Amino acid sequence: MRSDKSEKGAGNILDRAVDKFDLPGEILSGMPKLTVTGNRRLHIECHQGLLEYDPSLIVINGGVMIVTIRGEKMDISAMNSEEILIKGLIHGIDME
């Protein structure tokens, strides 16, 4: 059985490892990585699935957060178990 103290210590170790080795934080934290190109393209890495899809609203399970993309004429151009590529006119991205 782990105590709260050891769980907090594990988080600190991961944070220190990310800082020490200059690693992208999303690698260890399970956070999605979003790459936006202008307002026409969004590439999401480390997702855990599609929750909702409509040409004006796409909702992605990002593991530790929900990513909501609002726009017009959006299309999922490519998707696999780790990455999603969305193209269209992107108006906004919310992360909860």
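Everything below is about the structure printed above this text.
To keep things clear, this report deals only with the structure shown in the data block. Per chain, residue numbering runs from 1 following the sequence as it is written. Under the rules for a predicted model, residues below a pLDDT of 70 receive no local features and side-chain atom pairs below 80 are neither given nor counted, while totals for whole chains, interfaces and linings still include all residues. Each side-chain value is derived from all of the structure's non-hydrogen atoms; neither hydrogens nor water enter the calculation.

1. Overview of the nonpolar core
One finds Leu42, Ile44, Ile58, Ile60, Met65, Val67, Ile69, Met74, Ile76, Ile84, Ile86 and Ile90 forming the largest nonpolar core, which totals 12 residues. Put simply, DSSP H or I for four residues or longer makes a helix, DSSP E for two residues or longer makes a strand, and each gets a number counted from the N terminus. Among the elements of the structure, strand 2 (41-45), strand 4 (57-61), strand 5 (66-79) and strand 6 (83-95) are those that each provide at least two residues to this core. It is strand 5 that contributes the most residues to this core, four residues altogether. Contact between two residues is taken to exist if any of their heavy atoms lie within 4.5 Å; hydrogens are not considered. If near-sequence neighbours (up to four positions away) are discounted, Ile76 is found in contact with Leu50, Tyr53, Ile58, Ile84, Leu85 and Ile86. Throughout this description, the term nonpolar core refers to a set of buried Ala, Val, Leu, Ile, Met, Phe, Trp, Tyr and Cys residues connected via side-chain atoms within 4.5 Å. Type-normalised accessible area, obtained with a 1.4 Å probe on protein chains alone, sets the label of each residue: buried when under 20%, exposed when over 50%, and partly exposed for intermediate values.

2. Examining the environment of Ile76
Along the chain, Ile76 turns up in strand 5. Each C-alpha atom, one on Ile76 and one on Asp54, is 9.8 Å from the other, the two residues being 22 residues apart in sequence.

3. Topic: the pairing of strand 1 (residues 33-37)
Relative to strand 2, strand 1 is paired through five bridges, and the arrangement is antiparallel. The residue of strand 2 that forms the bridge with Lys33 is Glu45. Two strands qualify as a pair provided that DSSP identifies no fewer than 2 bridges between them. Joining the antiparallel neighbours strand 1 and strand 2 is a turn of three residues, in which Gly38 adopts a positive phi near 60°.

4. What about the pattern of salt bridges?
Any Lys or Arg side-chain nitrogen located within 4 Å of an Asp or Glu carboxyl oxygen qualifies as a salt bridge. Under the defined criterion, the tally for this structure stands at one salt bridge. The salt bridge involving Arg70 is made with Asp94; its shortest N-O contact spans 3.3 Å. Of this pair, Arg70 sits in strand 5 while Asp94 sits in strand 6, placing them 24 residues apart in sequence. Take Arg70: its relative accessible area is 35%, and that puts it in the partly exposed class. Here Asp94 falls in the partly exposed class, since its relative accessible area comes to 33%.

5. Re the side chain of His43
Here His43 shows up in strand 2. Owing to a relative accessible area of 16%, His43 belongs among the buried residues under this scheme. Polar contact criterion, stated in full: a pair of N or O atoms within 3.5 Å, where within protein one must be able to donate a hydrogen and the other to accept it, and residues adjacent in sequence count only if both atoms are side-chain atoms. There is a polar contact of 2.6 Å between the side chain of His43 and the side chain of Glu83. Excluding residues within four positions of it along the chain, His43 makes contact with Lys33, Leu34, Thr35, Glu83, Ile84 and Leu85.

6. Considerations on the sheet that holds strand 6
Spatially, the six strands line up as an open sheet ordered 1-2-6-5-4-3, and their pairing is antiparallel. Looking along the sheet, the strands with just one partner apiece sit at the ends: strand 1 and strand 3 (50-54). Each adjacent strand pair in this sheet contributes to an overall mean axis angle of 40°, direction not counted. Two strands pair when backbone bridges link them, and strand 5 and strand 6 are joined in this way by 10 bridges, in the antiparallel orientation. Here an angle of 0 to 180 degrees is reported between the N-to-C directions of two axes, which are lines fitted to C-alpha atoms, with helices fitted over the stretch in contact.

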